[in-house]
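Fold and geometry: a report
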Amino acid sequence: MNTGFSLAPLFRHSVGFDRFDELLDAALRADQSSGYPPYDIIRESDGRYRIVMAVAGFRRSDIEITVQENELRIRGGLADQDDQERTWLHRGIARRAFERTFKLADHVEVDSAGLDDGLLTVTLNRVVPEEKKPRIIPVAGDSAPTKSN
């Protein structure tokens, strides 16, 4: 990764964040030139998020949402419309195909998705398994120090 700055101070106090380096590298290489379709990411509360995407002109059947491992992919494509009977005087609403991907943190799951008034809303929830939650580790050993010869 050639970013011009060093991540060494971050890794000095961490263990097992190998994916973070890959994620940062992918984010720096990602093509951010296309802003279509526009979207918001909203943090509602601890562990609850929403992605709201403006998809005017798309129907539910035109949108495909998939989750694989830690990646959410939203695709939109319109079926060929019968434009032979129409004469467009102005076509300002973008109805082109799109694909957006979002990297999800560990244990983030998609709860639901809905389309209302041209806005696609995807609700996410972070569900940490019981075995991943903090726990207290007892320290074993003698209750009284022993004297050695």
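Structure shown above.
This is a predicted model, so every value here is computed, not measured.

Conventions and cut-offs
Residues numbered from 1 in each chain as written. Predicted model: local features only at pLDDT ≥ 70, side-chain atom pairs only at ≥ 80, totals over all residues. Heavy atoms only, no water. Pairing = 2+ DSSP bridges. Helix = DSSP H or I, 4+ residues; strand = E, 2+ residues; numbered from the N terminus. Phe/Tyr/Trp six-rings, centres within 6.5 Å; stacked < 30°, edge-to-face > 60°. Buried < 20%, exposed > 50% of the residue type's maximum accessible area, 1.4 Å probe, protein only. Lys NZ or Arg CZ within 6 Å of the ring centre and 35° of its normal.

**Here's the deal with the pairing of strand β4 (residues 71-76)**
- Examined bridge by bridge, strand β3 (residues 63-68) and β4 share six bridges and lie antiparallel to one another. Bridge pairing in β4 places glutamate 64 opposite arginine 75.
- With antiparallel pairing between neighbouring strands as the criterion, β3 and β4 make up a hairpin whose turn holds two residues, including glutamate 69 at a positive phi of roughly 55 degrees.
- Bridge count between β4 and strand β5 (residues 98-103): six bridges; the pairing is antiparallel. The residue of β5 that forms the bridge with glutamate 71 is lysine 103.

**Regarding the packing of aromatic side chains**
- Taken as a whole and assessed by the stated rule, the structure comprises three aromatic pairs.
- When the centroid spacing of 6.2 Å and the interplanar angle of 85 degrees are considered together, the rings of tyrosine 36 and phenylalanine 98 count as edge-to-face. Of this pair, tyrosine 36 sits in the loop between α2 (18-29) and β1 (39-45) while phenylalanine 98 sits in strand β5; the two residues are 62 residues apart in sequence, bridging distant segments of the chain. One exposure class covers both tyrosine 36 and phenylalanine 98, and it is buried.
- Between the aromatic rings of tyrosine 39 and phenylalanine 102, the centroid separation amounts to 5.2 Å while the plane-to-plane angle is 90 degrees, which identifies the pairing as edge-to-face. Highlighted residues: tyrosine 39 in strand β1 and phenylalanine 102 in strand β5, separated in sequence by 63 residues.
- What links up through ring pairs into an aromatic cluster is the set Tyr36, Phe58 and Phe98.
- Sitting over the face of the ring of tryptophan 88, arginine 91 holds its NZ or CZ atom 4.1 Å from the ring centroid.
- One cation-aromatic arrangement involves arginine 96 over tyrosine 36; the distance from NZ or CZ to the ring centre is 4.0 Å.

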